[in-house]
Each structure stands twice: as structure tokens, then as C-alpha cells.
Amino acid sequence: MSFINYASREINCKIVYYGPGLCGKTTNLQFIYQRTAPDAKGKMISLATETERTLFFDFLPLSLGEIRGFKTRFHLYTVPGQVFYDASRKLILKGVDGVVFVADSQEERIDANIESLENLRINLKEQGYDLDKLPYIVQYNKRDLPGAMSVDELHNELNPTNVPEFEACATTGEGVFETLKAVAKLILIDLKKGK
Amino acid sequence: MSNPTLVMYDEEFREVNEVIERLLKEANAKVIFLVDKNGQLISGVGETERFDTTSLASLTAGNIAATGGLAKLIGEKEFSILFHEGEKDNLHISIVGGRVILVVLFDNRSSLGLVRLRVKKSSEELSTIFEKLMNKSEEREKRGSSDFPFAEITDDDIDNLFS
Ligand SMILES: Nc1nc2c(ncn2[C@@H]2O[C@H](COP(=O)(O)OP(=O)(O)OP(=O)(O)O)[C@@H](O)[C@H]2O)c(=O)[nH]1
Ligand SMILES: [Mg+2]
């Protein structure tokens, strides 16, 4: 649910990075944080376990600049990917404007990807959202690893509805901003339609 | 889709700020924030520049969401008031009109009793304003939201954001 403030001339939107445990959601946000100018970002908050697994969420506020005199702000969140944190994932999806599904390209994680994607659909549905109607992007992460599946195979398994998809290596940042831009753009186009 | 955009207009923004400014004085508080349940800051008064308001808003909403989840687990609808006591500063967090979060930060120049009392009164006023706001945006939506700033943006406008 975007928030439009005519008084302060601001538009706020919420983007959620979803995906199985260790697929690289937090790494995506860390890279964006490192490469964003100080005046365009707020503090990144990570509620994580001692072993740096996301426990509740990561949060990164970005302000992208102005459109027609309105400041556009994006609030980026990641969910905890580990299966047993499902209750937390549901909470973070509340009020979402756009979703990035981060898939782990490694062959041995394909089942985890599929399970997480199903979980995303179910959790969205519980909140009254339909994934097919939301601004939604798929990112194939960890392309640098030798055990990565081909994009064709991943596409067949994870992107049957043909939404925009990107290859990425979140540790080096390849594809990270492309993904963010794509989802932000879809959200703004949605707002434009005034749905 | 259960995804109504929250819209804030000048008039209601002024009204909301009047209420929380007054609450700030009457409750002897240091800072007061209004946050939407999704973690977006609506407004803040008092010593706001001393705090990272964006982070505060997001964590408050996460906190309310988590305790709301706990409430459901034990068969409660929600916990409408949370209180966090620190060594110097305390946080009083409450839900207003079911959808906005009111955060009051105060120290020993005030007291929990006083804050509670004043928050109760202000909450009613805020509820009324937010109710009015919801009706207003619904109405505008029905009329076809011609004043919507995004209706006329072009692809170029969007691309320029990322340049
Ligand atoms: N080789 C390689 N490693 C990556 C890549 N992206 C992330 N990693 C590593 O994968 C591990 C897990 O990354 P995180 O970003 O913490 O994963 P997450 O999706 O946030 O995991 P949860 O918080 O448990 O859901 C870290 O050690 C990262 O450095 C990538 O593109 N390539
Ligand atoms: Mg993480």
C-alpha cells in the first residue's frame, strides 16, 4: 500500500525481497546500501541472528528523487527465508507494493526455490493479494557458482508467467540495481494507472 | 485488492499535527510520531531531529505487527497499547482507529499515568480525522482521481529517476 502525502509532497512505496534461505536477499540490500549516495539512503536495519541469518527483516529506505514535484521513496524489506519463520514473512508482506523473488541458481536449491515461491503465493493470498496482479520481478542469483542451473531451466521452473527476470551475483552486485529499477518502475507504472 | 493507497491532504495533515502538538505539551513528552501500520512515517513533532525517524517508524510497525501476531496466537484481537521502559526514556505505543500507530517518547519529567490519560483523549480526535481522510480519498477515487499526481507521468519521468 503506497502512501501519498500531499502535505509533504511524498510518495512512499514498499518493496519486499522474498526467496529461500541463503539465496542472497540480504546481500542484495547490502550492495544497494553500499552503492547509494549518503543523501539518498537512510540507515539499513538488519534484525538478524548471531550467524547473520535474517530473523525478522532487513530494512533499507531509499529516496530516488522527484517526479512531478513529488519525492519518491522506496522502502526495501527482506523476509527471513528459513522455512520456520513463516509467521514473520506474513507480517512483512503486509502493505507490499512490489515483490522481488530472489532465486538461488544452484541445482541443489531448486526445490527450496519452488517451495518458497509457493509459500509467497499462499502468504500473499492470505492478505488478499494476487501475485499475478502485483508488480513482480524474478532474480536468478548466484550466477557465479559452478553448480548454477541454466537460465532456461530456472525460467521453466520458476517463471511460468513470464514476468521480467534478471541474472545476478549479489556479492559483486551484478544485476542488483537492474532488478531494483525494474520493480520500482513497475510500481510507478501501477501508480500511474491509479489502480 | 485489499490495497487502498493511504492519502494525506494538507487540511488533515494540519489537523493531525495540531492534535499531536497539543499532546506533546499536555503529556510533557519529548517526541511524538504517527506511523502507518506498514511502517511509513506520517508525521512527527518535538525533538524529531535527534532521532532516525524513518528507522523508528519501520521498527515500530514491525513491533506492532509482531505483537499483533502474538495476540492472535493467544486469542486476542490485538494488543492496542505497548509500553517499553528504559533507564531514561520510555516509549508508549498505541494503535489509533485500527490503522495508525501513535508513538510517545517521554522521560521522568512525565509519567506513564499522565501519558496514558492524554493519549486516550488525543486518540479519539485522531481517529475522527483519519476516518474523515479515508472517506475523502474514497470519494475522490469514485469521482476519478483527477488530482492524482501520477496520472500524467511519462516513461521518461520514471527513467530519469534512475539516471
Ligand atoms: N557466490 C555467491 N554467493 C552469494 C551470492 N549472493 C549471496 N551470496 C552468499 O550467500 C550467503 C547468504 O546470503 P544472504 O544474503 O545472507 O541470504 P538471505 O537470502 O538473506 O538468507 P536468509 O536471511 O536466511 O533468508 C552469504 O554468505 C552471501 O555472501 C552470489 O551471488 N554468489
Ligand atoms: Mg537475510
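This text follows the structure it describes.
Being a predicted model, the structure only gives us computed values, none of them experimental.

Engineer: What exactly am I supposed to notice about the interface of chain B and chain A here?
Structural biologist: It is common to give the size of an interface as the accessible area that goes away when the parts come together. Contacts between chain B and chain A engage 39 residues on the former and 46 residues on the latter. Of the roughly 4,000 Å² buried between chain B and chain A, counting both surfaces, carbon and sulfur atoms make up 64%. Per-residue buried area on chain B facing chain A is highest for F150, L161 and F162 of chain B; these three make up 18% of the total on that side. Here chain B and chain A share zero salt bridges between them. On inspection of chain B and its partner chain A, the count reaches three residue pairs in polar contact (both at pLDDT 80 or more). Only strand 1 (6–8), helix 1 (10–26), strand 3 (41–46), helix 2 (53–73) and helix 4 (155–161) of chain B provide two or more residues apiece to the side of chain B that touches chain A. Ranked by the residues each element gives to the side of chain B that touches chain A, the list is headed by helix 2 of chain B, at seven residues.

Engineer: Explanation requested: the state of the cysteines in the structure shown.
Structural biologist: Linking two cysteines covalently via their sulfur atoms produces the bond known as a disulfide. If you walk through the whole model with that rule in mind, you get zero disulfides over all chains. Summary of cysteine pairing: C169 of chain A is not part of a disulfide, and the nearest cysteine sulfur, belonging to C23 of chain A, is at 13 Å.

Engineer: Would you mind going over the pairing of strand 7 (residues 136–141) of chain A with me for this structure?
Structural biologist: Across a regular strand the side chains alternate sides, sitting on one face of the sheet and then on the other. Residue and element names in this part refer to chain A. Buried residues dominate strand 7, accounting for six of its six residues. Taking every second residue as pointing to the same face, both faces of strand 7 are buried, with Y136, V138 and Y140 on one and I137, Q139 and N141 on the other. Handedness of the β-α-β unit built from strand 6 (residues 98–104), helix 3 (residues 110–126) and strand 7 comes out right-handed. Two strands pair when backbone bridges link them, and strand 7 and strand 8 (residues 165–167) are joined in this way by three bridges, in the parallel orientation. Following the sheet pairing, Q139 is matched in strand 8 by F166. Chirality of the crossover, the property in question, places the unit of strand 7, helix 4 (residues 151–158) and strand 8 among those that are right-handed.

Engineer: What am I meant to see in the environment of V96 of chain B here?
Structural biologist: All names here are of chain B. Relative to the helices and strands, V96 is located in strand 5 (residues 90–96). Owing to a relative accessible area of 1%, V96 belongs among the buried residues under this scheme. Along the backbone, V96 and L126 are 30 residues apart, and their C-alpha atoms lie at a distance of 7.1 Å. Apart from the residues within four sequence positions on either side, V96 is in contact with L102, S123, L126 and S127.

About the cut-offs
The residue numbering used here restarts from 1 in each chain and proceeds along that chain's sequence as written. Chain letters and ligand numbers both follow the written order, the letters beginning at A and the numbers at 1. Per-residue local features of the predicted model are confined to residues with pLDDT of at least 70, and side-chain atom pairs are confined, for both listing and counting, to 80 or more; whole-chain, interface and lining totals are unaffected and use all residues. The basis for the side-chain values is all heavy atoms of the structure; hydrogens and waters are excluded. A contact between two residues is defined here by any heavy atoms of the two lying within 4.5 Å. In this description, buried area is defined as the sum, over both parts, of the accessible area (probe of 1.4 Å) that is lost when the two are combined. The working definition used for a salt bridge is a side-chain nitrogen of Lys or Arg within 4 Å of a carboxyl oxygen of Asp or Glu. Counted as a polar contact is a pair of N or O atoms within 3.5 Å, where, for protein atoms, one must be capable of donating a hydrogen and the other of accepting one, and residues adjacent in sequence contribute only when both atoms are in side chains. A run of H or I in DSSP becomes a helix once it reaches four residues, and a run of E becomes a strand once it reaches two; helices and strands are each numbered from the N terminus. When two cysteine sulfur atoms lie within 2.5 Å, the pair is treated as a disulfide. A simple rule labels every residue: compare its accessible area, found with a 1.4 Å probe on the protein chains alone, to the largest value its type can have, and call it buried under 20%, exposed over 50%, or partly exposed in between. Handedness rule for crossovers: strands pointing away from the viewer, path from the first strand over the helix to the second running clockwise, crossover right-handed. When DSSP finds at least two bridges between two strands, those strands are taken to pair.

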